[in-house]
Amino acid sequence: MAGSRRPRQLFLQGVAAVYMCAFASLYTQIPGLYGTEGILPARKILRPQGKGRWQQLWETPTLLWEVPRLGLDTAQGLELLSLLGTLLALGALLLRQLRHLLIYLLLWAAYLSVCQVGQVFLYFQWDSLLLETGFLAVLVAPLRQRPHHKQAPRGRLARASPHEGLPFWLVRWLLFRLMFASGVVKLTSRCPTWWGLTALTYHYETQCLPTPAAWFAHHLPVWLHKLSVVATFLIEIAVPPLFFAPVRRLRLAAFCSQVLLQVLIILTGNYNFFNLLTLVLTTALLDDEHLVAKCNSGCKKSPPSWPRALLAMLPLLLELTVYGLLACGTVYCFGLEVDWQQHTVHSRTTFTFHQFSQWLKMVTLPTMWLGAVSLAWELLTALWRWTQVHGWLQKLYSAVQLSILGTATVALFMTSLVPYSYMEPSTHGRLWTGAHRLFGAVEHLQLVNSYGLFRRMTGLGGRPEVVLEGSYDGRHWTEIEFMYKPGNMSRPPPIVVPHQPRLDWQMWFAALGPPSHSPWFTSLVLRLLQGQEPVIRLIQNDVARYPFHKHPPTYVRAQLYKYWFSQPGAQGQWWRRQWVEEFFPTVTLGDPTLDMLLRQFGLQDRSPPRARSSNTTLAQALRWARRQLSPLEAPALLWGLLVTVGVIRVVQVLLGPPAKEGKHRPAPKKDAGIASQPTASAPSNGSSDSKTPRRKK
């Protein structure tokens, strides 16, 4: 898209905001998750293997290899990276000058570094999505920022730098892969709830961390739930090809549908920064005219000639045709029927799994060609813009930029085809072998990833929930209530977005299988028996609310319950539950069962912690920062940062220098006269000077 300078700036700001939330959220949980006495100490991961420094860094790419030089252990290195990442992202969000290639490269390297030692608590698709988006932000971010008064006018292809649109196109391709694959896997999984259109009758109460709005959504009529599933398939499978439509209004309609879906998910579920990051990706569907009102919208225009009027009708006809095909296809594939007497809409899936599999085989390769054709158009557009650059030195500089970013864009596109094709095995096997080799070479950097959200619906007979219990005598048991996950039936579901309580999320996954599928759970039990405060703060940030804050429990066990949302009219009750079975046996410190499980899962660490200097200035500063921030709950900290950013941005707008910008504008009469002249003489490399023709007022 030609005029996408403002969407690119919006994208860079959005990525910075997500980085800030992700780093700050992780920082609050590092001692309990990865500290020396945490659930999965990070120092066990980074143990030198006798390899060379650069080979070690390439195989396990993390900056944490260097923290011992600073007198820090691995957990403190994680804290340092998280704090620096939060501050850098905050700076990029507030200051345009910091939206620089090097800043986003540091942010990406820092998040990749923490993911290398994050283990199971950082094995989420949104962590991979943030890494891939963050790397694209490195390519999108400028190497140098133009001053505000030198911003090129919008509306002309030749005014943009030749290379600017190429990496931003990859953002659109990433959004397409994310949404299309997420829709397809729901049907290829053969999950009966997706095929029966009943998934949302279970989803709201069985998702990991529902919001209060999820309770109300759960009690909506079943026919509306089924119609919502149909809309989900429409938005995730049928609409994404419109991301590459040549008609702006079609791309805008696709943008609105994606925003609607993400906002509804945010309202009904606590999916941390994932939906916010997806909204950031949707900026690739916009251009400058979507974000800024046209300056000449109030001017009178002479009526066009009939050939031009007919030509202008073609996009509208194409748009109406697409909407008609989408409507007819939805009615046909899902058998939509309106019952006027009952005021309902009946829906059902009218195609079989075999038919869908054949359709997927037929369209997977064409969607790749669709991306290739769209990318080829972007490359040709960039090449045409390059031909408009004036001055041999500027032309040479633009050619170097275009060559580097063009090669990187094509390489990333080819690499992304490998994980994208995972959803259709036969197409995956037919891909060019060079793409497979390229993907294998950079796979550990997570530059491109496969996606597929909500593949199967869980908790069809009620959401399984693990409830921890502690006791001093083995007879009287007290439940250990978490801050966020369901436990107390009278406590309303919390709102914690954009924070991700990673232990609460893993507790949800643990309930879906036996304890052997979640080895970390045994370590959690051990830390509770030891009374480790960093782990307790993951459960209750206010330690006084933890039932065993004075003395750790002598015994710990876990029970498995089934939870359901309460029925309307149940006073003071948000949940109802039923006991199922014992999830984890009663254990105490020194218990043979506990020791056996720790050995079996490799959780015993007989080697003493590596020595470190605890008196360095940096280590003392990190401990001081932890003492100041630990009383704050993570959602309050994150929202405090976001509110601070909002206040500062408002102050920046109010105290901005409008007079200084105004003196660059010629007088209205002169402007109107110059605007009628041809604009081809304007500098075509994106720069501007006082002789640049002005737009019509």
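This write-up is about the structure you can find in this document. Once a new chain begins, its residue numbering starts again from 1 and follows that chain's sequence as written. With the structure being a predicted model, the display of local features is reserved for residues of pLDDT at least 70 and the display and counting of side-chain atom pairs for 80 or more, all residues being used for whole-chain, interface and lining totals. To obtain the side-chain values, all non-hydrogen atoms of the structure were included, while hydrogens and water were left out.

Section: the overall build of the protein
Inference 1: Elements are defined by DSSP. Helices are runs of H or I of four residues or more, strands are runs of E of two residues or more, and each kind is numbered from the N terminus. Per the secondary structure count, the protein includes 27 helices and six strands.
Inference 2: Summary of the burial criterion: residues with accessible area below 20% of their type's maximum are buried, those above 50% are exposed, and those between are partly exposed, where the area comes from a 1.4 Å probe applied to protein chains only. Across the 697 residues that make up the protein, the buried fraction comes to 50%.
Inference 3: Contacts are assigned to residue pairs with any non-hydrogen atoms lying within 4.5 Å of each other. In the protein, once contacts between residues fewer than 6 apart in sequence are set aside, the share between residues at least 24 apart is 77%.

Comments concerning the packing of helix α7 (residues 165–188) against helix α16 (residues 353–387)
Inference 1: At a minimum axis separation of 11 Å, α7 and α16 run at an interaxial angle of 175°. It follows from the interaxial angle that α7 and α16 lie roughly antiparallel. To define axes, lines are fitted to C-alpha atoms, for helices over the stretch in contact only, and angles between the resulting N-to-C directions are given on a 0 to 180 degree scale. Any angle from 65 to 115 degrees is called roughly perpendicular, while one under 35 is roughly parallel, one over 145 is roughly antiparallel, and all others are oblique.

Thoughts on the packing of aromatic side chains
Inference 1: For Phe, Tyr and Trp, where Trp contributes only its six-membered ring, two rings pair if their centres lie within 6.5 Å, and the inter-plane angle classes them as stacked under 30 degrees, edge-to-face over 60, or tilted in between. Tallied over the full model, the rule gives 46 aromatic pairs.
Inference 2: Ring geometry for W126 and F274: centres 5.7 Å apart, planes at 45°, overall tilted. Taken together, the residues W126 in helix α6 (residues 125–140) and F274 in helix α13 (residues 274–281) connect sequence positions 148 residues apart.
Inference 3: W126 sits in the buried class, given a relative accessible area of 7%.
Inference 4: For F274, a relative accessible area of 7% gives the class buried.
Inference 5: Relative to F244, the ring of W169 lies with its centre 6.2 Å away and its plane at 40°, an arrangement referred to as tilted. Residue W169 is located in helix α7, and its partner F244 is located in the loop between α11 (222–238) and α12 (248–268); the two are separated by 75 residues in the primary sequence.
Inference 6: On the accessibility criterion, W169 (1% relative accessible area) is buried.
Inference 7: F244 gets classed as buried once you look at its relative accessible area, which sits at 11%.
Inference 8: Counting every residue linked through ring pairs, the aromatic cluster contains F124, W126, Y271, F274, F454, W505, W508 and F509.

As for the nonpolar core
Inference 1: As used in this record, nonpolar core signifies buried Ala, Val, Leu, Ile, Met, Phe, Trp, Tyr and Cys residues forming a set joined through side-chain atoms within 4.5 Å. The biggest cluster of nonpolar side chains holds 179 residues, and the ones touching the most others in it are Y111, L468 and F521.
Inference 2: The dominant element in this core, judged by the number of residues it contributes, is α7, at 14 residues.
Inference 3: Those residues in contact with L468, other than ones at most four positions away along the chain, are T478, E479, I480, F482, M507, F521, L524, V525, L528, V556, R557 and A558.

Observations regarding empty space enclosed by the protein
Inference 1: Here the term cavity refers to a set of points on a 1 Å grid, laid over the protein atoms alone, in which a 1.4 Å probe fits but cannot get out; the term pocket refers to an open set having protein on both sides within 12 Å along at least five of seven lines, with lining residues being those that place an atom within 4 Å of a point. Grid points are joined across faces, edges and corners, and a volume is the space filled by probe spheres set on the points. Following the criterion strictly, the structure yields six cavities of 30 Å³ or more and no others.
Inference 2: A volume near 70 Å³ is recorded for the second largest cavity.
Inference 3: Considering the residues around the second largest cavity, the lining is formed by V466, V467, L468, E479, I480, E481, F482, K485, P486, G487 and N488.
Inference 4: Put simply, the parts of the chain that give the lining of the second largest cavity at least two residues each are β3 (463–471) and β4 (478–480).
Inference 5: Broken down by element, the lining of the second largest cavity gets its largest block of residues, three residues, from β3.
Inference 6: The residue makeup of the lining of the second largest cavity, split by class, is six nonpolar, two polar and three charged. Residues are grouped as follows: Ala, Val, Leu, Ile, Met, Phe, Trp, Tyr, Cys and Pro are nonpolar; Asp, Glu, Lys and Arg are charged; every other residue, Gly included, is polar.

Comments concerning the sheet that holds β4
Inference 1: An order of β4-β3-β5-β6 is seen for the four strands of this open sheet, with the pairing classed as antiparallel. Bordering the open sheet on either side are β4 and β6 (575–587), each of which pairs with just one other strand. This sheet shows a mean twist of 35° between the axes of neighbouring strands, independent of strand direction.
Inference 2: Note: two strands are recorded as paired if DSSP finds a minimum of 2 bridges between them. As defined by bridge partners, β3 adjoins β4 across three bridges and the pair is classed as antiparallel. Counted as the bridge partner of G470 is T478 from β4.
Inference 3: Across the sheet, helix α21 (residues 520–530) is in contact with β3, β4, β5 (555–565) and β6; its angle to β6 comes to roughly 80°.

Structural notes on helix α20 (residues 502–510)
Inference 1: With eight of nine residues buried, α20 lies mostly within the body of the structure.
Inference 2: Among the residues of α20, those classed as buried are R502, L503, D504, W505, Q506, M507, W508 and A510.

Digging into the packing of helix α1 (residues 5–27) against helix α5 (residues 101–117)
Inference 1: Between α1 and α5, whose axes approach to 11 Å, the crossing angle comes to 35°. The hand of the α1/α5 crossing is left-handed. Residues L12, Q13, V15, A16, Y19, A22, F23 and L26 of α1 lie in contact with α5, whose contacting residues are Y104, L107, W108, A110, Y111 and V114. By convention, the crossing between two helices is left-handed when the near helix turns anticlockwise from the far helix through less than a right angle, and right-handed when the turn is clockwise.

Some thoughts on a nonpolar patch on the surface
Inference 1: Without a salt bridge and with relative accessible area above 30%, a residue can belong to a patch; like charges are then joined within 9 Å and nonpolar side chains (Val, Leu, Ile, Met, Phe, Trp, Tyr) within 5 Å. Accessible surface is estimated by sampling points in the Shrake-Rupley manner with a 1.4 Å probe; for residues, cover comes only from the protein chains shown. Here, a salt bridge means any Lys or Arg side-chain nitrogen found within 4 Å of an Asp or Glu carboxyl oxygen. On the surface, a nonpolar cluster with roughly 650 Å² of combined accessible area is contributed by L311, M313, L314, L316, L317, L320 and Y323.
Inference 2: You can see L314 is positioned in helix α15 (residues 306–334).

Notes on the environment of R545
Inference 1: Tracing the backbone shows R545 in the loop between α22 (533–539) and β5.
Inference 2: Since its relative accessible area comes to 58%, R545 is described here as exposed.
Inference 3: Each C-alpha atom of the pair R545 and E481 lies 9.1 Å from the other, and the pair is 64 residues apart in sequence.

Regarding helix α23 (residues 592–600)
Inference 1: Of the positions making up α23, those classed as buried are L594, L597 and L598. In a view along the axis of α23, the buried residues occupy a sector of 100°, so they form one face of it. In α23, the exposed residues that point more than 90 degrees away from the buried face are P592 and Q600.
Inference 2: As for α23, its buried residues are in contact with α21 and β6.
Inference 3: G602 sits one or two positions beyond α23 and adopts a positive phi of about 65°. Working definition: the arc comes from the directions between the helix axis and the C-beta atoms, pointing outward to the latter.

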